[in-house]
Amino acid sequence: MTSSSGNLFFKQNSQCPLCNDVNGEYVGKVEKIWDETFAVCWCHSCELFFLSPPPLERDINALYADHYWPQKNLRDVAKTFMRTMRVCDQVAYISSCLGEIVNKNILEVGSADARFVGAFSSCNNVKALEPSFRYARYAHRKYGVQLCKDNFFSLQGKWDIILMSHVLEHFSDPRAAMEQAYNLLTDHGYVFVEVPHSPLPDEVAALELSHYLNTAHIVNFRVKSLELLLQTTGFSIHSLVRSAYNLHGLPLSGRKRLKAVLLGAMTPCLGDIPCLLRYIMSVFLGRRKPFCLLPLDASYDNFGDNMRVLVQKNAS
Ligand SMILES: [Zn+2]
């Protein structure tokens, strides 16, 4: 359906892959990530953003296998710091919901550098899937974690907890991904999911929306679409929160740039350094929690606005 010449495939009305509403509205495009350019549609009904049609599974996998590895530049310094802080926060969140995680079988899908799954390395059976060879090599060297390239959809076995941090938005069919997660869980097992929280199309300027959408994400969620996906694939929501970088007390004028720097979306310039250092030092000295919670219906908080959810498998 997409043009091999790189032209944008465009349909006026596209069907939502989540709720099947046929009035998807064209709101942006994804370009210069794959060879083809893809139209991004937005569903008025469930508020899901989706590529219509999505890239081929083969091309999605090739992107991560061949072009995804840890960088060594200034942009990655802040990003690495925030990833470490995020893992601490995610582990604390899971523990606050489920208590201490011991004697469990854990599966992580899309482990990147294995920082997250590494926090559960004392558990019984830990398996981590990562298509990027370079990330797998990095994780083995740095954390001693053995990542494997097994295809998630071909996997067999049962796990008590499945971790999907900033992964679900990269699947061409997130419904199929959650159905496979369901199949791989023990009775009453849990899935932890974290994904970016997206703005409404009219909530941000057109240029900001086009930048937000032009990523390797195949879908982008809001609370409504995430809840719908999880509840219609056999799960009950145990906990759902929104979190953002905790920049209270920092100058208002620099906050948006600082969020971009912390996300790794922007290389810090000299003017960002005082704010960045102030944030990092206050986190290290324990005066500031790196993240704060937002009401589920709060307006879009820009870079770093995430939804975090723990769902439990319903009885089959
Ligand atoms: Zn929909």
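Values in this document were obtained by computation on a predicted structure and should not be read as measured data.

Turning next to the nonpolar core. Counting residues in hydrophobic clusters, the biggest one holds 63 residues, and the most contacted among them are Leu-48, Val-117, Ile-162, Met-164, Val-191 and Phe-192. Tallying contributions element by element places strand 7 (residues 185-196) first for this core, with six residues. Of all hydrophobic cores here, the second largest spans twelve residues; its members include Ala-78, Leu-247, Tyr-279 and Phe-291.

With that settled, consider the environment of Glu-47. Inspection of the secondary structure puts Glu-47 in the loop between strand 2 (38-42) and strand 3 (49-51). On a C-alpha basis, the gap between Glu-47 and Lys-224 in space is 6.5 Å, while along the polypeptide they are 177 residues apart.

So, about the sheet that holds strand 3. The strand order across the open sheet formed by four strands is 1-2-3-8, and the pairing between neighbours is antiparallel. Looking along the sheet, the strands with just one partner apiece sit at the ends: strand 1 (25-30) and strand 8 (219-220). Judged from the two bridges that link them, strand 3 and strand 8 form a sheet pairing that is antiparallel. Pairing of Phe-49 across the sheet is with Asn-220, part of strand 8. Lying over the sheet, helix 6 (residues 206-213) contacts strand 1, strand 2 and strand 3, oriented at roughly 60° with respect to strand 1.

Turning next to the packing of helix 8 (residues 252-263) against helix 9 (residues 273-284). Helix 9 packs onto helix 8 with a crossing angle of 70° between their chain directions and a minimal axis gap of 10 Å. Viewed along their axes, helix 8 and helix 9 adopt a mutual orientation that is roughly perpendicular. You can see that helix 8 and helix 9 cross each other, and the crossing is right-handed. Of the residues in helix 9, those in contact with Gly-254, Leu-258 and Val-261 of helix 8 are Cys-275, Leu-276 and Tyr-279. Within the contact of helix 8 with helix 9, the residues separate by chemical class into five nonpolar, one polar and no charged.

Let us now look at the confidence of the model for the protein. When pLDDT is averaged across the protein, the result is 88; 93% of the residues are at 70 or more. In this model, residues 1-11 is a region of pLDDT below 50 whose contacts with residues beyond four sequence positions or in other chains number 19 contacts.

Here we take up helix 6. Buried within helix 6 are the following residues: Leu-209, Tyr-212 and Leu-213. Seen from one end, helix 6 has its buried residues packed into an arc of 90°, which puts them on one side. Buried residues along helix 6 sit against strand 1, strand 2 and strand 3.

Thresholds, definitions, all that
- Residues numbered from 1 in each chain as written.
- Predicted model: local features only at pLDDT ≥ 70, side-chain atom pairs only at ≥ 80, totals over all residues.
- Core = buried A, V, L, I, M, F, W, Y, C linked by C-beta atoms within 7 Å.
- Buried ≥ 20, exposed ≤ 12 C-beta atoms within 10 Å, placed from the backbone.
- Helix = DSSP H or I, 4+ residues; strand = E, 2+ residues; numbered from the N terminus.
- Pairing = 2+ DSSP bridges.
- Contact = placed C-beta atoms within 7 Å.
- Axes fitted to C-alpha atoms, helices over the stretch in contact; angles between N-to-C directions.
- Parallel < 35°, antiparallel > 145°, perpendicular 65-115°, else oblique.
- Left-handed = near helix turned anticlockwise from the far one by under 90°.
- Nonpolar A, V, L, I, M, F, W, Y, C, P; charged D, E, K, R; others polar.
- pLDDT = per-residue confidence, 0-100.
- Arc of directions from axis to C-beta.

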